[in-house]
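Structural overview
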Amino acid sequence: MADSHADILVIGGGAIGASVAYHLARAGARDVVLLEKDQLTHGCTWHAAGLVGQLRSKRNLTRLMQNSVAVFDRLAEETGQEIDWRKVGSLRLASSEARWSEIKRALTQARGFDFEAHALSPEEARDLFPDMNIEGVVGAAYMPADGYVDPYALTQAYAKGARQNGARIREGVRVTDLVVENGRVTAVVTDHGTVACETVVNCAGLWARRVGLMAGVRLAAGVVEHQYLVTERKLELPPGLTTLRDPDKNFYLKPDVNAFAIGGWESNTVACWQSAPPWDFARTLFDSNFDRFEAIAEGATERLPLLEELGVQSLINGPIPVSADGEPIMGPAPGLPNFFVACGFTAGIAASGGAGEAMANWILEGDPGMDIWPFDLRRFGPYHATARVLEERAIEAYGLYYRIHWPGHEMAAGRPARQSPFHEDLKARGAVHGSKFGWERPNWFARAGDDPVDQPAFEDRPNWFAAVGEEAQAVREGVALIDQSSFGKFELTGPGAFAAVDRLAANDVSVPGRAVYTQLCNEAGGIEADLTVVRLAEDSFYIITGSGFGVRDGGWIRDHLPADGSARLREVTGERAVLNLCGPEARSVLAAVTDDDVSNQAFPFLAARVIEIAAAPVLAVRVGYVGELGWELHIPLDHAGAVYRALRAAGEDHGLRDAGYRAIESLRLEKGYLYWSADIGPDSNPYEAGLGFCVALDKGDFIGRAALRRIREAGPERRLVSFTAPAEAPLMSGEAILHKGEVVGTTTSGGTSHSLGCAIAFGYLPLALAEEEDFEIEAFLRRWPAKRGPRCLYDPKGLRLKS
């Protein structure tokens, strides 16, 4: 029996929880209650430094941070509570050529995002921060809209605004359990009684993982120690002095009252409590560790010699949340549609305004108002939330905060975890593995004489470039084998299976024995998933999705299955290995290991059927992501070794080569194939992305059909196109697209075409410009000529694919 009721119950009174409550109440939600076990800000908000930086690697993530600043700009006047928001800008130094390349890339992205940021010389940087020694400084970026804020005052302002709009805040009330019934959280048990509720939001900060476990949700939310010092208060600082970051020296700085607050990111920090803090921890700090902080202090002193004359007033050491990849965790929990999460914020003060707004939109409107997949809870799986893996990855992610973010960087902690049956043999053949969703996957294959370790680059060629080019050539001219066992794989069965998938898929999935490329759309026509569906039998479907999307896509499907249980979804990712046999000689190799007819007439493009290889029943699907003749071979795990050996033996006469995911990336760009989360997502629809051929409006009703019909009739407002640029152009994604000197878009994907000898990028253009040909793409502050060409640049008629 509940003692009270709330429509929406927010757990946690730090900056994030208070912001969520404020934005919910401000948006008109009634009966919002926030519970805080101690007092507002206790945990980690109260000792946060309060720096505010906005520029991120993705447009929408930058928008989320910009939304925070928009909240800070109005909050004091709106609530009557001062927040000490100092919009003094931020200065980021490059003390190495590699860092300068990283900053130039960020500045180019800022241009595409319409975010004000300026490239400065070392001397111009010193003008903004006169006490700085510029020896070794290569360049700098200045963001005038950044600054710093008082975390305590900010949280109190959120709370005051929440109360002014009708929310209730109860301090000194600890959550002890969550009641879950029929796939929903129905009540929150506290040490002051039970609260029945319709929606729960876990903003418990350091304790978010413990609260999640009460509902059976394992969150990849870790906790580590973080230190910063405050100098003696002897300085006379000019008003409006900017904040300073020198990531090569591993420190940040903000002006304080006659002092500096200086912190950094220790590579040897300590994980706390196995991410399960005691409930009685509140406004508490750890013992300072000067030995661990020494390297940061030395770097700061080299850059600011005046620090030699200042003593240390205090060295603050407190807990800070860090997720398994260092980014926040937001969104609904899979299987519990009314249990939302907003935690794991390492930069929670800076993100609080935008995160609160996005969460309120998600709860009240059904989506966050923009695609924020890099923060989405569903990017993680059970592997990431394992206690030991989480602890190792949290330490690594924290230590990487100011490291150079090289293209293609792979985390090392918690590996290896999941391995295909071919892992050891491929490693012996030179495979350099990366990791996706815990799976070890071959990124590329080192040749004789190659160092089998990634050596990435920004503006130059990485060490894998030539090897990947040879892999791509093998796919285009001969035959290659690619381990794609990490694919997310599901079986959907039952008498209601067809009706369920037909309602979900935009395309027609009715034909048995056929692979169908389709999108799963939301009611607005946005693309929630991009996958392949195979109808195996009348009431049996096989669904294939990307390695990192299984939790998200599986959750979307489950949330839309009929309530009567007539359709059942089962994940089979770990039960089947996948080998992609691809290239013009693929049929010859496959024919040598099976008695089944694999001729083009008997086994045409998009066909899917079970064939026998090495006494194993193998589901062969004639599709691929590289644009050549080929089959994805889905193999029962206990037969994987035998099938692999048979293919290897048969391939010897045809020059069978290994290929990895970096070759796939180059090949898919040549074919105009899209990647969900980069080129398409909930913010885009199939028609503007050139996927109208995947929409079967005449098949009957499906989710998003009405919206897609309207979009088709009105015509899309923008179009995704392909660009080619000189081969040496270092295109990656996020670059600004210019037409007659004006920014008209940003690239969504980019890379090198080894087959065509050029650089390729995708990007959306306003419809009025979609037929123009001459553009420029700005990369690393340099403009490159770019031609808009056909969407598919290689084999546009698909003759090789269908041969």
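The paragraphs below set out a description of the structure included in this document. This structure is a prediction, so every number in the text was calculated from the model and none was measured. Throughout, residues of each chain are indexed from 1 in the direction in which the sequence is written. Predicted model: local features are reported for residues with pLDDT of at least 70 only, side-chain atom pairs are reported and counted for 80 or more only, and whole-chain, interface and lining totals are derived from all residues. Hydrogens and water are ignored here; the side-chain numbers use all heavy atoms of the structure.

Now for the overall build of the protein. Note on conventions: DSSP H or I runs of at least 4 residues are helices, E runs of at least 2 residues are strands, and numbering of each starts at the N terminus. If you tally the helices and strands in the protein, you get 18 helices and 37 strands. Throughout, radius of gyration means the C-alpha value; the globule benchmark is 2.2 Å times the number of residues raised to the power 0.38. Computed over the C-alpha atoms, the radius of gyration of the protein is 27 Å, within 12% of the 28 Å expected from 2.2 N^0.38 for a compact globule of 803 residues. Expressed as lengths along the three principal axes of its C-alpha atoms, the size of the protein is roughly 85 × 70 × 50 Å. Using a 1.4 Å probe on the protein chains alone, a residue whose accessible area is under 20% of its type maximum counts as buried, one over 50% counts as exposed, and one in between counts as partly exposed. Taken across its 803 residues, the protein has 60% of its residues classed as buried. Put simply, 72% of the contacts in the protein that link residues at least 6 apart link residues at least 24 apart. All accessible-area figures derive from a Shrake-Rupley calculation using a 1.4 Å probe, and residue coverage is judged against the displayed protein chains alone. For the protein, the exposed surface amounts to about 30000 Å²; the carbon and sulfur share of it is 47%. Note on charges: Lys and Arg go in the positive column, Asp and Glu in the negative column, and His and the chain ends are not counted at all. Working definition for charges: the position is that of NZ of Lys, CZ of Arg, CG of Asp or CD of Glu. Where the 81 positive side-chain charges of the protein centre and where its 107 negative ones centre are 3 Å apart. Only heavy atoms matter for contacts: two residues are in contact if any of them lie within 4.5 Å across the pair.

Okay, the environment of aspartate 31 next. Mapped onto the elements of the fold, aspartate 31 is located in the loop between α1 (15-26) and β2 (32-36). Contacts of aspartate 31, omitting those with residues within four sequence positions, involve His5, Ala6, Asp7, Ile8 and Arg168. N or O atoms closer than or at 3.5 Å make up a polar contact, with two conditions inside protein: a donor-capable atom paired with an acceptor-capable one, and, for residues adjacent in sequence, both atoms drawn from side chains. Of the polar contacts made by the side chain of aspartate 31, one reaches the side chain of histidine 5; its length is 3.2 Å.

Successive side chains on a regular strand alternate, one facing one side of the sheet and the next facing the other. Burial within strand β12 (residues 221-231) is extensive, with eleven of its eleven residues counted as buried. Here β12 shows a buried face lined by Ala221, Val223, Glu225, Gln227, Leu229 and Thr231 and a second buried face lined by Gly222, Val224, His226, Tyr228 and Val230. Here β12 pairs with strand β16 (residues 312-323) via eleven bridges, running antiparallel. By the bridge assignment for β16, threonine 231 is matched with valine 312. Of the strand pairs in this sheet, β12 and strand β15 (residues 259-263) are connected by three bridges, and their pairing is antiparallel. Bridge pairing links valine 230 to alanine 261 in β15. The pairing criterion is simple: DSSP has to find at least two bridges between the two strands.

Here we take up the sheet that holds strand β32 (residues 718-725). Around the barrel, six strands lie side by side as β32-β35-β34-β33-β36-β37; this closed barrel has antiparallel pairing. Here the strands of the sheet are splayed against their neighbours by 40° on average, with no regard to which way each runs. As paired elements, strand β33 (residues 736-739) and strand β34 (residues 742-753) share four bridges and run antiparallel to each other. Across the sheet, isoleucine 737 pairs through a bridge with glycine 745, a residue of β34. The axes are straight lines fitted to the C-alpha atoms, using for helices just the contacting stretch, and the angles between their N-to-C directions are given from 0 to 180°.

Ordered in space as β23-β24-β25-β22-β26, the five strands form an open sheet in which the pairing is antiparallel. Two strands bound the open sheet, and with one partner strand each, they are β23 (515-521) and β26 (568-571). Each neighbouring strand pair of the sheet contributes to a mean axis angle of 30°, computed without reference to strand direction. The pairing of strand β22 (residues 488-493) with β26 spans four bridges and is antiparallel. Within the sheet, the bridge partner assigned to glutamate 491 lies in β26 and is arginine 570.

Turning our eyes to something else, we now look at the environment of valine 223. With respect to the element layout, valine 223 can be found in strand β12. Along the sequence, valine 223 and glycine 348 sit 125 residues apart, while their C-alpha atoms lie 13 Å from each other. Among residues more than four places away in sequence, those in contact with valine 223 are Leu206, Ala271, Cys272, Trp273, Ser275, Pro277, Pro319, Ile320 and Val322.

It is worth spelling out the packing of helix α12 (residues 465-477) against helix α17 (residues 661-671) at this point. Here α12 crosses α17 at 55°, and the two axes come no closer than 8 Å. Here α12 is positioned oblique relative to α17, judged by the angle of their axes. Of the two elements, α12 crosses α17, and the hand of that crossing is right-handed. Across the interface between the two elements, Val468, Glu471, Ala472, Val475 and Arg476 from α12 touch Arg662, Ala663, Leu667, Glu670 and Lys671 from α17. Angle categories: roughly parallel below 35 degrees, roughly antiparallel above 145, roughly perpendicular from 65 to 115, and oblique for all the rest. With the far helix as reference, a near helix turned anticlockwise by less than a right angle produces a left-handed crossing, and one turned clockwise produces a right-handed crossing.

Bringing the packing of aromatic side chains into the picture now. Only Phe, Tyr and Trp rings take part, Trp by its six-membered ring, and two of them pair if their centres are within 6.5 Å. Stacked means planes under 30 degrees apart, edge-to-face means over 60, and tilted covers everything else. Following the criterion strictly, the structure yields 22 aromatic pairs and no others. Note on tryptophan 373 and phenylalanine 549: the rings are 5.7 Å apart at their centroids and 65° apart in plane angle, and the pair reads as edge-to-face. Taken together, the residues tryptophan 373 in the loop between α8 (348-365) and α9 (382-385) and phenylalanine 549 in the loop between β25 (540-545) and α14 (550-559) connect sequence positions 176 residues apart. The class of tryptophan 373 is buried, set by a relative accessible area of 9%. Within the aromatic cluster, the residues linked to one another by ring pairs are Tyr252, Trp265, Tyr398, Tyr401 and Tyr402. A ring is considered to have a charge above it if a Lys NZ or an Arg CZ atom is located within 6 Å of its centre and within 35 degrees of its normal. Seen from the ring of tryptophan 631, arginine 622 lies directly overhead, with NZ or CZ sitting 5.7 Å from the centre.

Look at the link from arginine 415 to proline 416: it is a cis peptide, with omega at -10°. Its place among the elements puts proline 416 in the loop between α10 (387-399) and α11 (423-428). Residues other than glycine seldom take positive phi values, yet serine 677 does so here, at roughly 95°. For serine 677, the position within the fold is in the loop between α17 and α18 (705-714). On the basis of relative accessible area, serine 677 is assigned to the partly exposed category, the value being 22%.

The residue glutamate 102 is located in helix α3 (residues 97-113) in this model. For glutamate 102, the contacting residues outside a window of four places in its chain are Arg403, Ile404, His405 and Phe458.

Any Lys or Arg side-chain nitrogen located within 4 Å of an Asp or Glu carboxyl oxygen qualifies as a salt bridge. Using the criterion set out here, one finds 42 salt bridges in the structure. With a closest N to O distance of 2.8 Å, aspartate 246 and arginine 303 form a salt bridge. Placement of the pair is aspartate 246 in strand β13 (residues 243-246) and arginine 303 in helix α7 (residues 290-303), with a sequence separation of 57 residues. Across the pair, exposure class does not vary: aspartate 246 and arginine 303 are buried alike.

Now for a negative patch on the surface. A contiguous patch of negative charge, built from Asp595, Asp596, Asp597 and Glu612, is present on the exposed surface. Structurally, the position occupied by aspartate 597 is in the loop between α15 (586-591) and β28 (608-613). What makes a patch is a set of residues exposed beyond 30% relative accessible area and free of salt bridges, joined within 9 Å when like-charged and within 5 Å when nonpolar (Val, Leu, Ile, Met, Phe, Trp, Tyr).

Turning next to α7. For α7, spanning 14 residues, the distance from its first C-alpha to its last is 19 Å, which sits close to the expected 20 Å at 1.5 Å a residue. Think of it this way: the bend at a residue is just the angle between two axes, each fitted to seven residues, one set ending at that residue and the other starting at it. Along α7, the helix axis deviates most sharply at isoleucine 296, where the bend reaches about 30°. When we look at burial in α7, the residues that qualify are Arg292, Phe293, Ile296, Gly299, Ala300 and Arg303. Between a side-chain oxygen at the N-terminus of α7 and the backbone nitrogen of aspartate 291 the separation is 3.3 Å; the capping residue is asparagine 289. Expected span, for any helix, means 1.5 Å times one less than how many residues it has.

With respect to the helices and strands, arginine 668 occurs in helix α17. The spatial distance from the C-alpha of arginine 668 to the C-alpha of valine 626 is 5.1 Å, given a sequence separation of 42 residues. If we skip the residues at most four places from it in the chain, arginine 668 touches Tyr625, Tyr673, Leu674, Tyr675, Asp679, Ser749 and Phe762. Here tyrosine 673 takes part through its backbone oxygen, which lies 2.8 Å from a polar atom of the side chain of arginine 668.

Turning next to the packing of helix α2 (residues 59-79) against α8. The geometry of α2 relative to α8 is characterised by a closest axis approach of 7 Å and an angle of 95° between their N-to-C directions. The orientation of α2 with respect to α8, classified from their angle, is roughly perpendicular. Taking contact as the criterion, the partners of Leu64, Met65, Asn67, Ser68, Val71 and Phe72 in α2 are, on α8, Ile349, Ala350, Ala351, Ser352, Gly353, Gly354, Ala355, Glu357 and Ala358. Residue type decides the class: Asp, Glu, Lys and Arg count as charged, Ala, Val, Leu, Ile, Met, Phe, Trp, Tyr, Cys and Pro as nonpolar, and the leftover types, Gly among them, as polar. Of the residues belonging to the contact of α2 with α8, the class tally is nine nonpolar, five polar and one charged.

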